[in-house]
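Spelled out, the chains give:
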Amino acid sequence: MTLGRKLPARDASARVWQRMLSGRRLDLLDPSPLDIEIADIAHGLARVARWNGQTRGAHIYSVAQHTLLVEAVMREQTPRVDIRLRLAALLHDAPEYVIGDMISPFKAVLGGDYKAVEKRLLAAIHVRFGLPPVLADAITRQIKDADRGAAYLEATELAGFAEAEAKRLFGRDPGLSQATRADYLTPWSAAKAEKRLLTRFKALHA
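Residues numbered from 1 in each chain as written. Predicted model: local features only at pLDDT ≥ 70, side-chain atom pairs only at ≥ 80, totals over all residues. Heavy atoms only, no water.

> What is the right way to read the nonpolar core from this model?
As a rule of thumb, soluble globular proteins bury nonpolar side chains together. Ile36, Ile41, Leu69, Leu91, Tyr97, Ile125 and Phe129 are the most contacted members of the largest nonpolar core, which totals 56 residues. Sorting the residues of this core by element identifies α1 (38-45), α2 (63-77), α3 (83-90), α4 (96-99), α6 (112-128), α7 (137-157), α8 (163-170) and α10 (190-205) as the ones contributing at least two each. It is α2 that contributes the most residues to this core, 8 residues altogether. Sequence-distant contacts of Ile36, that is, excluding residues within four places in its chain, are made with Leu26, Ile41, Tyr97, Ala124, Ile125, Arg128 and Phe129. (Core = buried A, V, L, I, M, F, W, Y, C linked by side-chain atoms within 4.5 Å. Buried < 20%, exposed > 50% of the residue type's maximum accessible area, 1.4 Å probe, protein only. Helix = DSSP H or I, 4+ residues; strand = E, 2+ residues; numbered from the N terminus. Contact = heavy atoms within 4.5 Å.)

> Honestly, the packing of α7 against α8 in this entry has me stumped. Any pointers?
Each packed pair of helices is defined by two parameters, the angle between the axes and the distance between the axes. Put simply, α7 and α8 touch, their axes get as near as 9 Å, and they point 160° apart. By the angle between their axes, α7 is roughly antiparallel relative to α8. You can see that α7 and α8 cross each other, and the crossing is right-handed. Of α8, the residues touching α7 (which contributes Arg148, Ala151, Tyr152, Ala155 and Thr156) are Glu163, Ala166, Lys167, Leu169 and Phe170. Split into classes, the residues belonging to the contact of α7 with α8 amount to 6 nonpolar, 1 polar and 3 charged. (Axes fitted to C-alpha atoms, helices over the stretch in contact; angles between N-to-C directions. Parallel < 35°, antiparallel > 145°, perpendicular 65-115°, else oblique. Left-handed = near helix turned anticlockwise from the far one by under 90°. Nonpolar A, V, L, I, M, F, W, Y, C, P; charged D, E, K, R; others polar.)

> Can you help me understand the environment of Thr186 in this one?
As for its position among the elements, Thr186 is in the loop between α9 (178-184) and α10. Between the alpha carbons of Thr186 and Ile60 there is a distance of 9.9 Å; along the sequence they are 126 residues apart. Excluding its chain neighbours within four sequence positions, the residues that come into contact with Thr186 are Gln65 and Arg181. At 2.6 Å, the side chain of Thr186 forms a polar contact with the backbone oxygen of Ala182. (Polar contact = N/O pair within 3.5 Å; in protein donor to acceptor, adjacent residues only side chain to side chain.)

> Just checking my understanding: could you explain unusual backbone geometry for this structure?
Located in the positive-phi region is Trp51, a residue other than glycine, with phi close to 60°. Backbone geometry at Asn52 places phi at a positive 55°, although glycine is not the residue there. Within the element layout of this structure, Asn52 appears in the loop between α1 and α2.

> Would you mind showing me how to read the pattern of salt bridges here?
Two side chains that carry opposite charge are able to pair once their charged atoms sit near each other. In total, this model carries 11 salt bridges according to the counting rule given. Note that Glu37 and Arg24 form a salt bridge whose closest N and O atoms lie 2.8 Å from each other. Of this pair, Glu37 sits in the loop between β2 (25-27) and α1 while Arg24 sits in the loop between β1 (17-19) and β2, and the two are 13 residues apart along the sequence. We note a salt bridge from Glu154 to Arg50, for which the minimum N-O separation is 2.7 Å. Taken together, the positions of Glu154 in helix α7 and Arg50 in the loop between α1 and α2 put the pair 104 residues apart, joining distant regions of the chain. Each member of the pair Glu154 and Arg50 is classed as buried. (Salt bridge = Lys/Arg side-chain N within 4 Å of Asp/Glu carboxyl O.)

See below:
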């Protein structure tokens, strides 16, 4: 796929693909939608830690659980939102099953090449699951708003941030119900996070 910033020239001697448990080989510089499986995504994201693992709880707070929280925030904020937008929210961090979850300060240090790889992977994931390669700006903003709301909750309840600092960095508390907060902000085991992500994906993709 050709999308966005030009990536560095490929070194013919370097391996730039990753083998997945499904048996797929995903090329990081030229990812094919045909090599993307939701089972690989769910398995990987359930084992990637948010906040570099600096969270409270018996388990890591996984990217899989974060994506479910983001989709829950969006559902609460805009109950009638299109199901395809909910699917896009659920998949917004899906590239991290390959490249991991780098904290925002480190992304800023790395600069453009990291973002170019991330965008190509996300575009391939979108195509694989019937979404536009690049979302409209308005949709991207909605997802980002929900993402920031989720980050506020994670920061204050799991990662040790004071409310004032979290508000300055991530915006306001999204106002989830107590039952929803208790569920999505109690770190799950990797197996539970993987299963729940797969279940929610199937409900939205069907």
